[in-house]
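# Architecture at a glance
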Amino acid sequence: MNSISSPTTITPTLQALEVEKERVILILTPDLTNICGVAGYFNTLRLHHGPFRVEYFEINKARSEGKATKAFRIAFNYLRFMLKVLTNSYELVHINPSFNRKSFLRDTIFCGICLLFKKKVVVLFHGWEDNFEESVRTNRLYRFLFQHTFMKAANYVVLSSIFKDKLASLGVAPSSRFWINTTAATPPQSLSLSKKLNIYQPDEIHLLFIARIVKGKGMYIAIDAFEQVKKKVPDCTIHLHIAGEGSELANVKEYVEDLKYRNIHFHGYVLSEEKDRLFKSCDIMLFPTFYPEGLPTSIMEGMMYGLPIVSRRNAGIPDVVEHEINGFLSDSKDPAVFATFLYEIITSPLLYKRIAEANHLKAINNFSSQHIKQRILNVYQEIIEA
């Protein structure tokens, strides 16, 4: 496995790449006007400002569509994509599926077109649904599509070692090449972590939950854990800040109101300066997610700002957050477990400061957008030269 963890080994490769300006990479993305998810990932990396000439092929549109319009667009996209692959000398095509039914069925066709015309392909799986993984094992159609498209790609970028193992268990050949690379986080501007830690006093604590507000992200677990830890440390004023929007937001607000919970603040979707201020003002990230995802960017963002992470052993999170080193992880969905973790951090200022310093240093050295960009470019170079 080609694990790409040290940016210091990549710089010479990038210097050599400066002469490769005419090598063209085609990257399949969602509508790049989106500001989160896969589109946000590529907007952050800005790979088109680099040693390769990068083109983006948008596979969908952010605006809503009728069924007939959508069907026509999908069919036209495949035709348009086939013509691009036939008429351009792409050195590599980068496909970005998630391992769920919708993305799988759509992107196996793009992958199949590339393989048909003998183009080199790299596949980066951004999300993973375990239930759909089981469907690929048992459904003959899904199995056939997987075997004749993604399984033949031979080059894979995964967000965690767990996904490398999953692909191998589905039959991906041992001779295939894997690179592990995280999602990217933008370093904070003018953060003085030492100053924040010097004035830290555990008499008022601000917890942060930031994610898309859907059921699997663990908001209800977080809210109940917050209420329980308040009772454990009555001399401490604790606040929970919830940032994000989504289909479950109205129900979450109703839940909080019905139970008359206090000190819970809803911020909606936060960007730029507002997001920066929120991260700087909070002390601990509480994110008990069980959502079928790859690796939440918010985890790296929280670590950038020196926040201890309290989360679950879900998706790629254990590759980034080491239990009792970068925070606390559990397999449980019991709010009491997370309340206990919070209690340990809140009541031990030395533990809090140790984790905060470790997280900031780890994130700055490994998860910044520039480091991730360099690693992806290095992957491209290795595949092209193979």
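Note that the structure is a prediction, hence the values are computed from the model and not measured.

Here we take up the overall build of the protein chain. Scanning the protein chain from terminus to terminus reveals 16 helices and 13 strands. Relative to its length of 386 residues, the protein chain is compact, with a C-alpha radius of gyration of 22 Å against a globular reference of 21 Å. Along the first, second and third principal axes, the C-alpha set of the protein chain runs to 70 × 50 × 35 Å. The proportion of buried residues among the 386 residues of the protein chain is 53%. Sequence separation of 24 or more characterises 76% of the internal contacts of the protein chain that already satisfy a separation of 6 or more. Counting only carbon and sulfur atoms, one obtains 52% of the accessible surface of the protein chain, whose full area is about 17400 Å². Across the protein chain, the mean location of the 46 positive side-chain charges is 7 Å away from that of the 39 negative side-chain charges.

So, on to the confidence of the model for the protein chain. Scored by pLDDT, the protein chain comes out at a mean of 92, with 94% of its residues at no less than 70. Every residue in residues 3-12 scores below 50 in pLDDT, and together they form 16 contacts with partners more than four places removed in sequence or on other chains. pLDDT under 50 marks residues 15-20. Its contacts with residues more than four places away, or in other chains, come to seven contacts.

With that out of the way, let us pick up the sheet that holds strand 10 (residues 264-268). Here six strands make up an open sheet; going across it, the order is 10-9-8-11-12-13 and the pairing parallel. Both outer strands of the open sheet, strand 10 and strand 13 (327-330), are each paired with one neighbouring strand and no more. Sheet twist, expressed as the mean angle between neighbouring strand axes with direction ignored, is 20°. When strand 8 (residues 204-210) meets strand 9 (residues 237-243), the two strands line up parallel, connected through seven bridges.

Take helix 9 (residues 219-232) next. The end-to-end C-alpha distance of helix 9, which contains 14 residues, comes to 20 Å, matching closely the 20 Å that a straight helix rising 1.5 Å per residue would cover. Buried within helix 9 we find Met219, Ile221, Ala222, Ile223, Asp224, Ala225, Phe226, Glu227 and Val229. Elements that come into contact with the buried residues of helix 9 comprise strand 8, strand 9, helix 10 (249-258), strand 10, strand 11 (284-287) and helix 14 (335-346).

Next up on the list: the pairing of strand 8. Regular strands have side chains that alternate between both faces of the sheet. Most of strand 8 sits out of view: six of its seven residues are buried. With helix 9 bridging strand 8 and the parallel strand 9, this β-α-β connection has right-handed handedness.

The end-to-end C-alpha distance of helix 3 (residues 67-87) is 30 Å, a good match for the 30 Å that 21 residues give at a rise of 1.5 Å each. Listed as buried for helix 3 are Arg73, Asn77, Tyr78, Phe81 and Val85. End-on view of helix 3: buried residues confined to an arc of 140°, all on one side of the axis. In this structure, helix 3 carries Ala68, Phe72 and Thr87 as exposed residues pointing more than 90 degrees from its buried face. On its buried side, helix 3 packs onto strand 2 (24-29), strand 3 (53-58), strand 4 (90-95) and helix 4 (101-116).

Next up on the list: the nonpolar core. In this structure, Phe81, Phe146, Ile299 and Tyr380 are the most contacted members of the largest nonpolar core, which totals 125 residues. If we ignore the near neighbours within four places in the chain, the residues touching phenylalanine 146 are Phe99, Phe104, Val136, Met151, Leu167, Leu170 and Val172.

Thresholds applied
- Residues numbered from 1 in each chain as written.
- Predicted model: local features only at pLDDT ≥ 70, side-chain atom pairs only at ≥ 80, totals over all residues.
- Heavy atoms only, no water.
- Helix = DSSP H or I, 4+ residues; strand = E, 2+ residues; numbered from the N terminus.
- Rg over C-alpha atoms; globule rule 2.2 N^0.38 Å.
- Buried < 20%, exposed > 50% of the residue type's maximum accessible area, 1.4 Å probe, protein only.
- Contact = heavy atoms within 4.5 Å.
- Areas by Shrake-Rupley, 256 points an atom, 1.4 Å probe, with all protein chains shown as cover.
- Lys, Arg positive; Asp, Glu negative; His and termini not counted.
- Charge placed at Lys NZ, Arg CZ, Asp CG, Glu CD.
- pLDDT = per-residue confidence, 0-100.
- Pairing = 2+ DSSP bridges.
- Axes fitted to C-alpha atoms, helices over the stretch in contact; angles between N-to-C directions.
- Expected span 1.5 Å × (residues − 1).
- Right-handed = clockwise from strand over helix to strand, strands pointing away.
- Arc of directions from axis to C-beta.
- Core = buried A, V, L, I, M, F, W, Y, C linked by side-chain atoms within 4.5 Å.

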